[in-house]
Each structure stands twice: as C-alpha cells, then as structure tokens.
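Okay, here's what each chain looks like letter by letter:
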Amino acid sequence: MTKQNVVMQEEPAVAVAAAAPTRAGSGGANHARYKKFLSRPDLSSGGGGGKAGSWIESMKASSPTHVKSAAARAVSSFASHDEQDYDGWMKLHPSALDDFEVLAAAWKGKQIVMFLDYDGTLSPIVDDPDRAFMSDEMREAVREVARHFPTAIVSGRCTEKVSSFVELSELYYAGSHGMDIKGPNDGSQHLKAKAENVLCQPARDFLPMIDEVYKRLVETTKCIPGSRVENNKFCLSVHFRCVDEKKWCLLDEKVRSTITDYPRLRLTHGRKVLEIRPSIKWDKGKALEFLLESLGYDGYNDVFPLYIGDDRTDEDAFKVLRDRGQGIGILVSTIAKETNASFSLREPAEVLKFLRRIVEWKQISMEECRV
C-alpha cells in the first residue's frame, strides 16, 4: 500500500478513498454537537498569489503599526468591535481545549493520527526564521503524543531543517509543504499495514529550477533591508517580517518579475512570507492523504485524523478532512479569519496544553481497558 520514491510530473492525479466516520461509542449530546460542526458549509480560504495590492493592503491593515494607529484614534470602539468579531468567530470555531470532551466523544474507539504544522503551531513566529526553536516542554509533549499515536510534522520548511528543530526521529516529516515526505529511519510501531520507509518527492524534477530561482532572488532582493530568501528544497520562502512596510510593494515586484520567467512556478503568500512553489497538484492536503494511505489507515472508518496548523497553507489539509467527513482541523489563531478548520486554539501555549491533555486522555483510556 505504501508508495515509495514517488516522482510526479505536473498535474498528477491522486485517488484516495473517502470514508464516513463511524459513530463514537458513547457521547450523546457531545457527539451531536460534533456532527453539527461537521455539517457546516465549507468556508473558503483563498490560496493563490492574487494581486499584489490586495494581500499587501490586508497585511498592512493587520500590522502592529496600523493597529496601534487605529487604536489611538478610537481605542474603545476598536477593541469592542474586534472582540465582537472574535467572539462570533469562536462560536463557529470553538476552543479545542474548552470543548475537549466533544472531541473525545468523537474519536473514542478510533485510531487517532496526528498532523502538526511547525512555525506558529509548535514554535512561536519569530523575526529570524533560523531561530524558530520549540521549547523543551513542547518537544516532550510531541514525543509523548508520538508514543501513543502516529505523528507527522507537516511544514513549509525543508524536511532537514524542520527535523533539526524538532529533534524527534520517531516522527514522519512532510517538508516543503508536503513535497518532501520521509518516515522514521527505524520504522514505526503504529503501522496498521507493514510498510517500508516512506519516501515521497513529487516535485523532484523541479530541483534545478528551484536552485536557479533561489540564486536569482537572493541577488534581486539583497537591496531591500530585512528581506531574506530561504531555500526549502522544493519551494522558496521570501521573508519580509523585518522589512519596512514602505518596501513591501518593491519586494513583491522584484519577486514577481523574477518568477515571470518560470511559468511552471507559482506564487502564494503566508504570514509575512512569499512562497514560490512548483505548479503541481500537491499540497499539505495531498501529503495528509498520502501519509494516511502509506500508514495503512486509508479507507477505514475507525481512523480519526487530527490536523493542527496556523497558516494559510494548512487550509488545504483542513479542507481535505472536511470533504472526507473524517477527523478534525484545528486552527491556531488569535484573530478571526476564514478557515476550513472546525475548532481553534489561540497560540502554541494552548497547543501544548492540548497535546498534554490528549496524552492524558489516552493514558486514562488505557487504564480503563486494563480494569
């Protein structure tokens, strides 16, 4: 069942059998609430690069400088409106901590498979991407989760970089937005079906092009203070968190003019970062599906995938879970935003609490089974 050394050309087709989740053994009202969340219409998230002006103006509006300026003009009005928006959003995307029992009722009797984004989920967002370290407490929590459930890190960073941050060899890693997937070196104790080391690199043919564009972007953007180009192997990230807002348009123009010569690449944007990726039908959602199949969990209705992430690119995975009617997406965010996730957590500190709680729940469940 496991795909190995997968190499795909542009526009690959991926067929994955959808499965309807079985009803949780017991839960009553909790299960009914969970089903209500799943029945909501999908919320669009957008995903393309879009016009430069639209995303730049949106980013500026939410930047600290503009928020402080608005607050100075109308502190009470702004705060009240912002709180009302977030409170209304939370009714649609309740806290996964506050509603933990709802989730527990839904996944009871099923095999949980955990998918975790890295930046902004397991580690805080920082100015220097090379210093986005996770805490020892978070690492221990992820280690404990992996002891009980198959666990994968799905990140925009290259696999080597994110695995060096996490430092847990027992995990699966899907770097470059899922375009570089590798399994544990020593195999996994969680395999439902026997499988050898997982390896999937659908954009391998793009490596020479990515390296070429990386060199051009480094040269093109070096005149913009604070900008940084990161080579994530199968994709590139142009960070502008430390760039003066007045230079954002210039940076965007330079990036767009560079990739104009490469029609097989596409431009998207995330949290203070521009992403250049191959134009293939592969994303974090496809990576999730690939891993479920490789682990032997695809096509089973007693499997419950959990995906926790904070970025626009995580929406592809959230949407896959919603379309399958199986599992749950949890968005990490302190502000209201359109999402395909059903639940939310505010920040990495809450992610830590959630991971610890799910481990505690599993340990209690195991004890009850022994009695």
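Everything in this summary refers to the structure shown in the same document. (Residues numbered from 1 in each chain as written. Predicted model: local features only at pLDDT ≥ 70, side-chain atom pairs only at ≥ 80, totals over all residues. Heavy atoms only, no water.)

1. Looking at the state of the cysteines
- Counted by the stated rule, this structure contains zero disulfides.
- Here C158 stays unpaired: no disulfide links it, and the sulfur of C235, its closest cysteine neighbor, is 8.6 Å away.
- In this structure C158 comes out as buried when scored by relative accessible area, which is 13%. (Disulfide = S-S within 2.5 Å. Buried < 20%, exposed > 50% of the residue type's maximum accessible area, 1.4 Å probe, protein only.)

2. Description of the pattern of salt bridges
- Counting across every chain of the model gives 22 salt bridges.
- E160 is the partner of K233 in a salt bridge, and the nearest nitrogen-oxygen pair spans 3.8 Å. Residue K233 is found in the loop between β7 (228–231) and β8 (236–239), and its partner E160 is found in helix α7 (residues 159–166); the two are separated by 73 residues along the sequence.
- Note on K233: relative accessible area 25%, which makes it partly exposed. (Salt bridge = Lys/Arg side-chain N within 4 Å of Asp/Glu carboxyl O. Helix = DSSP H or I, 4+ residues; strand = E, 2+ residues; numbered from the N terminus.)

3. Some details on the packing of aromatic side chains
- Taken as a whole and assessed by the stated rule, the structure comprises eleven aromatic pairs.
- Here F115 and Y307 contribute two aromatic rings whose centre-to-centre distance is 6.4 Å and whose plane-to-plane angle is 15°, an arrangement assigned as stacked. One end of the pair, F115, is in strand β2 (residues 111–116); the other, Y307, is in strand β11 (residues 303–309), and 192 residues separate them in sequence. Y307 carries the same exposure label as F115, and that label is buried.
- When the centroid spacing of 5.2 Å and the interplanar angle of 70° are considered together, the rings of F240 and W248 count as edge-to-face. For the pair shown, F240 and W248 are each scored as buried. (Phe/Tyr/Trp six-rings, centres within 6.5 Å; stacked < 30°, edge-to-face > 60°.)

4. Observations regarding the packing of helix α8 (residues 207–221) against helix α9 (residues 248–259)
- Two numbers describe how α8 lies on α9: the axes approach to 10 Å, and their chain directions differ by 150°. When the axes of α8 and α9 are compared, the crossing they make is right-handed. Along the contact surface, α8 presents V213, R216, L217, T220 and T221, while α9 presents L251, K254, V255, T258 and I259. (Axes fitted to C-alpha atoms, helices over the stretch in contact; angles between N-to-C directions. Left-handed = near helix turned anticlockwise from the far one by under 90°. Contact = heavy atoms within 4.5 Å.)

5. Observations concerning the sheet that holds strand β10 (residues 273–278)
- Across the sheet, which stays open at both edges, the four strands sit in the order β7-β8-β10-β9 with antiparallel pairing between neighbours. If you trace the sheet from one side to the other, it starts and ends with β7 and β9 (265–269), each paired once. On average, each strand axis in the sheet is inclined to that of its neighbour by 20°, with strand direction left out of account.
- Strand direction decides the pairing type here: β9 and β10, joined by five bridges, are antiparallel. Along β10, the bridge assignment pairs H269 with L274.
- Sitting on the sheet, α8 touches β7, β8, β9 and β10, and the angle it makes with β7 is about 165°. (Pairing = 2+ DSSP bridges.)

6. A look at α9
- The first and last C-alpha atoms of α9 sit 17 Å apart over twelve residues, in line with the 16 Å expected at 1.5 Å per residue.
- Buried within α9 we find W248, L251, D252, V255, T258 and I259. Within α9, the buried residues cover an arc of 130° as seen down the axis, which keeps them to one side. (Expected span 1.5 Å × (residues − 1). Arc of directions from axis to C-beta.)

7. Regarding unusual backbone geometry
- In this structure, S176 is a non-glycine residue whose phi angle is positive, near 50°.
- Checked against the element boundaries, S176 lands in the loop between β4 (172–175) and β5 (180–182).
- Given the relative accessible area of 0%, S176 is considered buried.
- A positive phi angle is found at H177, which is not glycine, with a value near 60°.
- Assignment of secondary structure puts H177 in the loop between β4 and β5.

8. Looking at the side chain of D119
- The topology assignment puts D119 in the loop between β2 and α6 (136–148).
- A distance of 2.7 Å separates a polar atom in the side chain of D119 from a polar atom in the side chain of R157.
- Setting aside chain neighbours within four positions, we find D119 in contact with I125, A132, S155, R157 and D310. (Polar contact = N/O pair within 3.5 Å; in protein donor to acceptor, adjacent residues only side chain to side chain.)

9. Some remarks on the packing of α6 against helix α12 (residues 348–370)
- Viewed as axis vectors pointing N to C, α6 and α12 meet at an angle of 35°, and their least axial separation amounts to 9 Å. The handedness of the crossing between α6 and α12 is left-handed. Between α6 and α12, the contacting residues are E137, M138, A141, V142, E144, V145 and H148 on the first element and P348, V351, L352, L355, R356, I358, V359, K362, Q363 and M366 on the second.
- In the contact of α6 with α12, the residues fall into eleven nonpolar, two polar and four charged. (Nonpolar A, V, L, I, M, F, W, Y, C, P; charged D, E, K, R; others polar.)

10. Some points on the nonpolar core
- Counting 52 residues, the largest nonpolar core has F115, I181 and I276 as the members making the most contacts within it.
- When residues in this core are grouped by element, the largest group, five residues, is from helix α10 (residues 284–294).
- With 43 residues, the next largest nonpolar core counts I112, A141, V162 and L345 among its residues. (Core = buried A, V, L, I, M, F, W, Y, C linked by side-chain atoms within 4.5 Å.)

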